[in-house]
Amino acid sequence: MAKKKKKAGSIAVPYLITIFIGILVIGGGTLLMLKHWGIIGGDKTLPEPPKRPVAIASYEDNHTILFILDEPENKYSKTFMLMRSIPKEKRLVFVGIPTNTIAIVKDTQHSMLSAYESGGASGAVEFTESVFDIDVDRYMKLDSAAFVKICDILGGVTYPVAEDIAGFNGDGSEQYLNSEQIFKLITYSLYGDGEVERAYVASSVFSSMINQTSGLRVSDNLDSSFNTVVNMADTDITAVDYRNRKAAIKSMLERGKSIASFLILSGENAYEDFIPDEDFLNGFREKYFSYDESSGDEEDE
């Protein structure tokens, strides 16, 4: 009697099962190996980006600069402004110094203007140190081109102008001032309260301009801005000075808010002269030049 032929399905089913089991065994082994080698699996969360290093400023980064605006080819009023920088506290303080401020320097009475005209920038520094009883670390003497460049770097300012000066609103309302207008406002010589008012305008304009600029933008371009300005100005600020304080200054610009303020040098007029108030000078020194380093330096938050 002839044997019955096996149905095709009876052969195919076991064959497919065998192949399926083989795939599971081989695939599972491969999967375990890939996991072991770390190629797949593991923590699927993206790694955190590296943290940006935080500069640690100290009171040793404090510095004082006397700015002098002088355009010798034109008869613009000369301008003197003291800047105290305290990066650890993210603070810049500006004080305009009237040109008719008087003091006794080396047993001789001088004004700010006469000290500068007879001794140049170093004479102005010596006079300022005598008046304020402080050390002025560096000076920067600017002509109109260097001054305008600094204003361009900061981006101008929105400022209320109450003086009747051509090209300005003159009604006390705020208006945007470009670099040339800032120069014109600061060197204007007919203010009602004379040099005292002009010194106030200089310090308040610069304070406002710094607070209105983008600190992050200025920080990102600080290297090129420094090189540009220092090559245009007459200054004793060196590349070493900049390098030593660069990190602290950048931290102040990037992390500070409304970092700039200004003070009005109080005193009294004596005919054509201006005599600074001793109480103001004492308070200025105590607040901005007396720091206790014993507490150590803390990381910026």
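Keep in mind the model is a prediction, meaning the values are calculated, not measured.

Along its length, the protein chain carries 9 helices and 12 strands. Counting across all 301 residues of the protein chain, residues that qualify as buried make up 42%. Counting contacts in the protein chain only where the partners sit at least 6 residues apart, residues at least 24 apart contribute 65% of the total. Accessible surface for the protein chain amounts to roughly 17,700 Å². Of this, 54% is attributable to carbon and sulfur atoms.

Attention now moves to the side chain of Thr 64. You can see Thr 64 is positioned in strand 1 (residues 63-69). A distance of 2.8 Å separates a polar atom in the side chain of Thr 64 from a polar atom in the side chain of Arg 84. Once residues lying within four places of it in the same chain are set aside, the contact partners of Thr 64 are Leu 82, Met 83, Arg 84, Ile 134, Asp 135, Val 136, Asp 137, Arg 138 and Phe 289.

Moving on, we come to the packing of helix 3 (residues 144-154) against helix 4 (residues 179-186). Closest axis-to-axis distance for the helix 3/helix 4 pair is 8 Å, and the angle between their directions is 125°. Classed by the angle they form, the pair helix 3 and helix 4 counts as oblique. Remark: the crossing between helix 3 and helix 4 carries right-handed chirality. Across the interface between the two elements, Ser 144, Phe 147, Val 148, Cys 151 and Asp 152 from helix 3 touch Ser 179, Glu 180, Ile 182, Phe 183 and Ile 186 from helix 4. Split by residue class, the contact of helix 3 with helix 4 holds 6 nonpolar, 2 polar and 2 charged.

The next point concerns the packing of helix 4 against helix 5 (residues 194-212). For any two helices packed against each other, one specifies the inter-axial angle together with the distance between the axes. Where helix 4 contacts helix 5, the two axes come as close as 9 Å, and the packing angle between them is 155°. As far as their axial angle goes, helix 5 and helix 4 are roughly antiparallel. The segment helix 4 lies against helix 5, with Ile 182, Leu 185 and Ile 186 engaging Arg 198, Val 201, Ala 202, Val 205, Phe 206 and Met 209. Partitioned by chemical class, the residues of the contact of helix 4 with helix 5 number 8 nonpolar, no polar and 1 charged.

What follows covers helix 2 (residues 112-132). Its 21 residues give helix 2 an end-to-end C-alpha distance of only 12 Å, which falls more than 12% under 30 Å, the value for a rise of 1.5 Å per residue. Approximately 140° is the largest bend angle found in helix 2, and it occurs at Gly 119. When helix 2 is considered as a whole, its buried residues turn out to be Met 112, Ala 115, Tyr 116, Ala 121, Gly 123, Ala 124, Val 125, Phe 127, Thr 128, Val 131 and Phe 132. Within two residues after helix 2, Asp 133 carries a phi angle of roughly 55°, on the positive side.

Turning our eyes to something else, we now look at the packing of aromatic side chains. This model, assessed by the stated rule, comprises 12 aromatic pairs. Ring plane angle 75° and centroid distance 5.5 Å describe the contact between Phe 80 and Tyr 116, whose orientation is recorded as edge-to-face. On the criterion of sequence distance, the pair formed by Phe 80 in strand 2 (residues 79-86) and Tyr 116 in helix 2 is long-range, its members being 36 residues apart. Pairwise contacts between aromatic rings join Tyr 76, Phe 94, Phe 147, Phe 183 and Phe 206 into one cluster. In this structure, Arg 84 packs its charged tip against the face of Phe 289, placed 3.8 Å from the ring centre.

Reading the values: rules and limits
Residues numbered from 1 in each chain as written. Predicted model: local features only at pLDDT ≥ 70, side-chain atom pairs only at ≥ 80, totals over all residues. Heavy atoms only, no water. Helix = DSSP H or I, 4+ residues; strand = E, 2+ residues; numbered from the N terminus. Buried < 20%, exposed > 50% of the residue type's maximum accessible area, 1.4 Å probe, protein only. Contact = heavy atoms within 4.5 Å. Areas by Shrake-Rupley, 256 points an atom, 1.4 Å probe, with all protein chains shown as cover. Polar contact = N/O pair within 3.5 Å; in protein donor to acceptor, adjacent residues only side chain to side chain. Axes fitted to C-alpha atoms, helices over the stretch in contact; angles between N-to-C directions. Parallel < 35°, antiparallel > 145°, perpendicular 65-115°, else oblique. Left-handed = near helix turned anticlockwise from the far one by under 90°. Nonpolar A, V, L, I, M, F, W, Y, C, P; charged D, E, K, R; others polar. Expected span 1.5 Å × (residues − 1). Bend = angle between axes of the 7 residues up to and from the residue. Phe/Tyr/Trp six-rings, centres within 6.5 Å; stacked < 30°, edge-to-face > 60°. Lys NZ or Arg CZ within 6 Å of the ring centre and 35° of its normal.

By themselves, these are just geometric observations and shouldn't be taken as functional.
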